[in-house]
Every structure is written in C-alpha cells, then in structure tokens.
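# Coordinates in review
Chain by chain, the residues run as shown.
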Amino acid sequence: MTGNKHLRIGLLASMIATALALPAAHAGAPLETRPATRTTPAAEDGARLIVRYRDAGADRALKLQAVDAAARRAHGGRIIRTQSDARRPIPTARHVRPLALGADLLRLSHRLDRSELEALVRELSADPAVRSVEVDRMLRHTGLPGPRRAMPAQPQLDIDDEYFAQYQWHLHDATGGIAAPAAWDASTGEGVVVAVLDTGIVPHPDMDANMLEGYDFITDAFVSRRATDARVPGAYDHGDWEAADECAAGRPASDSSFHGTHVAGTVAELSNNAIGMAGVAHDAQVLPVRVLGRCGGYTSDIADAIVWAAGGTVPGVPANPHPAEVINLSLGGGGSCSPLSQAAVDTATALGATVVVAAGNSNGDAANFTPASCDNVVAVGASRITGGRASYSNYGARVDLAGPGGGGGVDGNPGGYVWQATNTSATSPDLGTPTYVGMAGTSMASPHVAGVAALVQGAVVGAGQAPRTPAELEAILVESARAFPAAPDREIGSGLLDAEAAIALALGGGGDDDDDDDDDDGDDGDDATELANKVPVRSLSGGAGDSLLFRIEVADGARLLNVMSHGGSGNVSVYVSSGEPPAGDAYEFRSSRPGNSETVRVRNPAAAAYYIRVVGETAFDGLTLQARVD
C-alpha cells in the first residue's frame, strides 16, 4: 500500500519559528536531496536470502558453498524451454552481513524468476546443515493512500492543546474514542519507553522533547536515501516518496508519508503545552527505529530492529541504552509470519517487551498477513468514529482488539481520520515545515494500543507494583476492551480499546472480582456439551446465576484457542480451564465485561480438553458461543 490519506492543518507561525530554533531530538546528517547512485532497489539486483544454519558458527565459505550447491541442483532440475533459458547462468551467493539470532543475510548474483527462486529455496531448505531459509521480503507501512486536502480553517478552542477537542475524536469521543482523558488521571506513561519501528521521525516542536535518539536499521542506500548501506545512529526520516514504477512495475508515484512521525505522535505527542495535539501516553518516551524507506523495508532489517529495540544483541550495532517495554509495528505484508520474524518477536517477548502490530488494510483474514499472523503479538484492527469496523481493516481470529483507525472519507473530516504531527513537504522534510495531518489505517490503530500499554505500565509501577509481563499486558488490553456498539460485520477482536478500563483492570479495579457466581454446582466434564471447532452454537439462554458448560478438544501443536460469545440480550461472563471445568474462583481464563461480547484467547494452548462455562450475570437470551482452534 502506498501513501496516506493526508489532511493537513497549518501550523502557527510561532510554532514554525520554534521548530526552526529547537535542535532535533535525534541524530542524523542533513538530508541528501540528490538521488542515490543506484536507480533501482537492491531487490532488482538479486534476491536476498535469510539463512539460519544449524551451526551458526560454521565457516562462512562453507555456508556459501551450501547455497551454491543448492543453486546448481535447482538449476539442473529446471525445465528449459528456450535457448535463452539454456544460457541463463547459475546464481552464486555472497555474504552481506550476520543478523541477530544466528542468521546470515546472503545476496544472489542476479535475479531469478519466481519458479527458479522457489526451487533454490526448496533445495537449500533440504540441506541438513540449514535450519531455515526465507526470501528477504519487503514490507510496507499500513497507512492508507489518499489525496492531500486543502488546509481547514484553524479552530478556536478554549483548551490547552489547540486542536484536541475538534480533531482528536480518537482520544475522547464517547463512542469511537479510547477514553484517554479519564485514563490520564491515573497515568500519562511517564518512565515508559515505546519503540516505534517505522519510517523514522522528523523534528516537530510538539514531539521532540519525548523523542530518544534511536537508530536507522536500513541497510540499502537506495531505500534509505543515505550515502551508504551502513546502519547509523539516529532515526531521521529522509522521505519515502517514490517515482512511478520505481519500486515495482505499475506502482504509481507517491509522496513522502512521514508515517513514523504520525505514529510516534499518536504514542507520545506532547500535551498541556498550549500547542497542537496530544498523544496517548504524552509523558512516555519514544525510541524511533527506522526500518522503512523508499519501497518499504526488508524483513531482515525489521527483525534485527525488533531484537535491538527490546535490548537484545545485533552484530555491528551498539547496545540499545533505552530498551523498550512496548514495541509498535505499523507495517506489514502478505504471507504468513516468517521464521526470522517469529524468532525476533519471541526474543523481544522473552526480554520483556510487548509487541503491538497493525492487522493490515486488505479487508482480509489477518492470518494471511505478517507480522499480524505471528504468535506472541497484540494484533490490532481498525475501528471508525462510529465504533464499527473500518472497511479496509483485516479481521479474523488473529486480531486481538480494535483501535481507532478512521473510516476515511465515509466519516468526513475530521471524523474519518486520526490526527497527529507531520511535515508539509511532499518529498524531503527539509523542504517543508512541521504541521499536522489526518491519516487512516490499522497503522493508526496500533499505536493507540501501544500508547495504552505504556499507560498501564506507568500506572502499575506508580502504584508500587511490578511491570506487567507481555502476556499479562496483552490479557489486560484484550479483556478491558469495551463492547462494540453493534456486532461488527467481521471479527476484529474482543472489543474497542479502552484506556481507562485497562488501567482499572491492571490495578485490580477493572472487573467484578466477587466470583460467587453460584457456578460451583457440582457440574463435571460429563455434563459438558461438545463444541465442534469453528462451529457456532446459537440461541443460548438462561437466567441470572445459570451456567452452561461446554467442552472442546485441543490437539498438540495448536497456536491459538479463541472463545467468543456475542449477540442476544442480557449479560454473561465466560470462564475457561483446561483438564477440568471451571468452578467458583477456580479457573484459568475469564472474560467478564458488561453485555454478551466476551473473548478469551489462549496462546499456544496445551493439548487437552478445554472447558468453557458461560455464566449469566443477569438473564440472557439469543446468545451465540463459538470456540476456534488454529
């Protein structure tokens, strides 16, 4: 996807003057406006392969020999149809760099067509010395394309942040917003670091004070618009504009998005400073990590950046002095989660970072997109100002909850867009000035969730408690989400992000904890109704205090058990346990929110019988229950 929906507000002259006077909060050389020497992306030169060897310390020459041998086998097995086919050379590999997690990045000597590349990957995967091999794919940000709009008249508001009330519905609107003002009474995210892996950032007076230095992980000068392929300190966004057909045949020209600046602003734009707008966690610090540029960003760079942002070790890069508790990835592409991406997420999670990702903008099942299909991530779908699903948002069992993404033109201006900081330029940021912009996409929904995660961590630490683990934080975000105003047309998680409820739940006040539901009534597994995988059971009803017991078998190797109830009238809670039925306050998982929209997600469930008890908090009727094992 290219570009973004841009709706810009002019910045006051005094703000612009302030921006010019303030030093940047990140390092980086001035923008080089001349094009890089290469006129095509590196992907055109020859495919990049990510190879993980079983012996990561093996001699590099032997590693390359394994690739060359696989190339010869693949070349010998191909079908030759023409003399041109017969003359095509066998590719050779060269080592580009070691990656985190024991992987190596290799580049082939020349381009291969799809069938040739697939044959090479198959042959190399069959080598007993190789643990995994994948093509180093390009991912792109998940902001939606759209035209630039004329600058609206500047609003006259009587609050501290000038544009907050009129434009930032996504923070305060009673239906589609996240209840941020009420949450700020308990936490503003102070002391929490949120890494934003994106296009980098540009200076902006409404953000700079909260921006750490960061790092540029892009290893291709054509993509980065820097002078060399080297990774460098700082995360300065040199612009991601494209000429027509420059990155792929048939892809139109697009302006610079300054997408990372917008996303970082959503997380931690300053508030109560008498200018501009506000971020969700406006006292948190953002660690900007540049992984996207012209044409997108390589999986290898993104995976290394995930590890580094969480405090892990990456060859050739200094240690991160500000490890992040939360990492936001508003980017993606088609296909399932790659082995390297999953390893990077697992490493970050083990280091204590919660990884929040955009579900994607293809109006498809998030299971078919990466990184939304990775395990151990919080995948975020997009909602509108109405609280309904945005028409572009990916959906499905992989989506954990929904955050404000905007409905675009269907909801008008400003209600169709998420508003934050940006730059006025269509190309290089040094040719423009700081301003604000409305964008739409799951890119915009994800940093709302990342910001609320920072609010929760700030609140619990402020209360003298230990920071929540990634699994605990994910559960808090999912379980505290409020019910959709109406059942969405597609499944986009447990509900709408609710900052106030998330903090209350984290501090022990977010739910009804007196579990005397009269559900320890002697029911046992023999009384449970068997559920078929992914088959809904409809028209369930009961009185206050009644419970219905169900059972589903989960086989070894399952990645996710997703239990959902919705529809009808009344108010129910859902309890889930493995091995034996939940009873009283003996249960493993619970969803207990007002109404009938309940969701319990069990990541990597053990092979066992899982029991699901539906308890009527009040009388209920017309309820649908479904359990899904993936």
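Check the entry above for the structure.
The structure displayed is predicted, hence computed values, not measured ones. (Residues numbered from 1 in each chain as written. Predicted model: local features only at pLDDT ≥ 70, side-chain atom pairs only at ≥ 80, totals over all residues. Heavy atoms only, no water.)

## So, the overall build of the protein chain
For the protein chain, the helix and strand inventory stands at 15 helices and 29 strands. In the protein chain, buried positions account for 58% of the 630 residues. Of the contacts formed within the protein chain by residues at least 6 apart in sequence, a portion of 75% connects residues at least 24 apart. Carbon and sulfur atoms make up 51% of the accessible area of the protein chain, which totals about 22,700 Å². (Helix = DSSP H or I, 4+ residues; strand = E, 2+ residues; numbered from the N terminus. Buried < 20%, exposed > 50% of the residue type's maximum accessible area, 1.4 Å probe, protein only. Contact = heavy atoms within 4.5 Å. Areas by Shrake-Rupley, 256 points an atom, 1.4 Å probe, with all protein chains shown as cover.)

## Here's the deal with the packing of helix α13 (residues 442–462) against helix α15 (residues 499–506)
Here α13 crosses α15 at 35°, and the two axes come no closer than 9 Å. In this structure, the crossing between α13 and α15 has a hand that is right-handed. Two secondary-structure elements touch here, α13 through Val452, Leu455, Val456, Ala459 and Val460 and α15 through Ala499, Ala502, Ile503 and Ala506. Here the residues of the contact of α13 with α15 are counted per class, giving nine nonpolar, no polar and no charged. (Axes fitted to C-alpha atoms, helices over the stretch in contact; angles between N-to-C directions. Left-handed = near helix turned anticlockwise from the far one by under 90°. Nonpolar A, V, L, I, M, F, W, Y, C, P; charged D, E, K, R; others polar.)

## Observations regarding the packing of aromatic side chains
The geometry of an aromatic ring pair is captured by two quantities: the separation of the ring centres and the angle between the planes. Under the counting rule described, the total for this entry stands at eight aromatic pairs. Between Tyr163 and Tyr436 the ring centres are 5.6 Å apart and the planes differ by 70°, which places this aromatic pair in the edge-to-face class. Taken as a pair, Tyr163 in the loop between β7 (148–149) and α6 (164–167) and Tyr436 in strand β20 (residues 434–439) lie far apart in primary sequence, 273 residues in all. One exposure class covers both Tyr163 and Tyr436, and it is buried. Seen from their ring centres, Phe217 and Trp308 are 5.5 Å apart, and the 55° between their planes marks the pair as tilted. Within this pair, whereas Phe217 is found in the loop between β9 (215–216) and α9 (221–224), its partner Trp308 is found in helix α11 (residues 299–309), the two being separated by 91 residues in sequence. Side by side, Phe217 and Trp308 carry an identical accessibility label, which is buried. In this structure an aromatic cluster arises from ring pairing among Tyr163, Tyr167, Trp419 and Tyr436. Of note, Arg48 hangs over the ring of Tyr298, and the distance from its end group to the ring centre comes to 3.6 Å. Taking the ring centre of Trp241 as reference, the NZ or CZ of Arg225 above it sits at 3.4 Å. (Phe/Tyr/Trp six-rings, centres within 6.5 Å; stacked < 30°, edge-to-face > 60°. Lys NZ or Arg CZ within 6 Å of the ring centre and 35° of its normal.)

## Brief notes about the state of the cysteines
In the structure shown here, the tally under the stated rule is two disulfides. Each sulfur of the disulfide joining Cys247 and Cys295 lies 1.9 Å from the other. Between Cys247 and Cys295, the disulfide has an S-S torsion of -75° and is therefore left-handed. Of this pair, Cys247 sits in the loop between β10 (232–233) and α10 (259–268) while Cys295 sits in the loop between β11 (285–290) and β12 (297–298); the two residues are 48 residues apart in sequence, bridging distant segments of the chain. Among the residues examined, Cys247 registers a relative accessible area of 12% and is labelled buried. With a sulfur-sulfur separation of 2.0 Å, Cys337 is cross-linked through a disulfide to Cys374. Across the S-S bond linking Cys337 and Cys374, the dihedral sits near 85°, which makes this disulfide right-handed. (Disulfide = S-S within 2.5 Å.)

## Things to note about the side chain of Gln420
The topology assignment puts Gln420 in strand β19 (residues 418–423). Exposure remark for Gln420: the relative accessible area of 0% places this residue in the buried category. A polar contact is formed between the side chain of Gln420 and the backbone oxygen of Gly265, at a distance of 3.4 Å. Contacts of Gln420, omitting those with residues within four sequence positions, involve Gln168, His170, His262, Gly265, Thr266, Glu269, Met277, Ala278, Thr435, Tyr436 and Val437. (Polar contact = N/O pair within 3.5 Å; in protein donor to acceptor, adjacent residues only side chain to side chain.)

## Some details on helix α12 (residues 339–350)
Its twelve residues give α12 an end-to-end C-alpha distance of 16 Å, which sits within 8% of 16 Å, the value for a rise of 1.5 Å per residue. Residues of α12 that are buried: Leu340, Ser341, Gln342, Ala343, Ala344, Val345 and Ala348. On its buried face, α12 sits against β2 (48–53), β4 (103–108), β5 (130–135), α11, β13 (326–329) and β15 (354–358). Positive backbone phi, approximately 100°, marks Gly352, located one or two places after α12. (Expected span 1.5 Å × (residues − 1).)

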